[in-house]
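What the coordinates show
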Amino acid sequence: MVLDKEESVSLVSLQSREKPRGCAGCNGKIRDRFMLQALDRYWHEDCLKCACCDCRLGRVGSTLYTRANLILCRRDYLRLFGVTGNCAACSKLIPAFEMVMRARDNVYHLDCFACQLCRQRFCVGDKFFLKNNMILCQLDYEGGHLNGSTERQP
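This text gives an overview of the structure that appears in the document. Worth saying up front: this structure is predicted, and the values here are computed from it rather than measured.

1. Side note on the overall build of the protein
- Along the protein, the regular secondary structure elements total two helices and 14 strands.
- Expressed as a percentage of the 154 residues in the protein, the buried residues total 29%.
- A separation of at least 24 residues holds for 28% of the contacts in the protein among residues at least 6 apart in sequence.

2. Observations regarding the environment of leucine 11
- Relative to the helices and strands, leucine 11 is located in strand E2 (residues 10-13).
- With 24 residues separating them in the primary sequence, leucine 11 and methionine 35 have C-alpha atoms 5.9 Å apart.

3. Considering the pattern of salt bridges
- What the rule picks out here adds up to three salt bridges.
- The salt bridge involving arginine 56 is made with glutamate 45; its shortest N-O contact spans 3.9 Å. Of this pair, arginine 56 sits in the loop between strand E6 (41-43) and strand E7 (63-67) while glutamate 45 sits in the loop between E6 and E7; the two residues are eleven residues apart in sequence, bridging distant segments of the chain.
- Salt-bridge contacts for arginine 121 lead to aspartate 111; the nearest nitrogen and oxygen are separated by 3.7 Å. Of the two residues, arginine 121 is situated in the loop between strand E12 (106-109) and strand E13 (128-131) and aspartate 111 in the loop between E12 and E13; the sequence distance between them amounts to ten residues.

4. As for unusual backbone geometry
- A positive phi angle, close to 55°, is found at alanine 68, a residue other than glycine.
- Of note in this structure, asparagine 133 is not a glycine but carries a positive phi near 65°.
- Within the fold, asparagine 133 resides in the loop between E13 and strand E14 (134-137).
- Since its relative accessible area comes to 53%, asparagine 133 is described here as exposed.

Reading the values: the criteria
- The residue numbers shown here count from 1 along each chain, following its written sequence.
- The predicted origin of the model limits local features to residues at a pLDDT of at least 70 and limits the giving and counting of side-chain atom pairs to 80 or more, whereas totals for whole chains, interfaces and linings rest on all residues.
- Each side-chain value is derived from all of the structure's non-hydrogen atoms; neither hydrogens nor water enter the calculation.
- Secondary structure elements follow DSSP: runs of H or I of four or more residues count as helices, runs of E of two or more count as strands, with numbering from the N terminus.
- We call a residue buried when its accessible area falls under 20% of the maximum for its residue type, exposed when it is over 50%, and partly exposed in between, using a 1.4 Å probe and counting protein chains only.
- Throughout, a contact is declared for two residues whenever any of their heavy atoms are within 4.5 Å.
- By definition here, a salt bridge exists when the distance from a side-chain nitrogen of Lys or Arg to a carboxyl oxygen of Asp or Glu is within 4 Å.

Here is the structure:
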């Protein structure tokens, strides 16, 4: 059984009289003024890294993920273990870490979220309509331009 764990990172001050602790990453003594605490262990700031991309996970309050004894950043965790799907407009795969737009049960790449008749891209706050599982701008929806033809009538 594989357990997933989401964990936050916290910064701990090493008191001057306190004996240095061992780093879970390099096994060296932590003599810095501050150390990171994550996964019930202590780390040098440079030692707490993603197993895939090597990015530092030491931002205070940031989240790291563990699975199959791997310590991962959010992007790599989702890339490796996240659920993917297909874009309702282009049918291409949407990686789990990619930002998407949703309309009812449909999921779209950000670039594909446009009127499927006139290709007008939507901005935040723009009205759009979903008719026969197609995204339409207000002009095409109200103009009834979905009568079997994809051409606009003047």
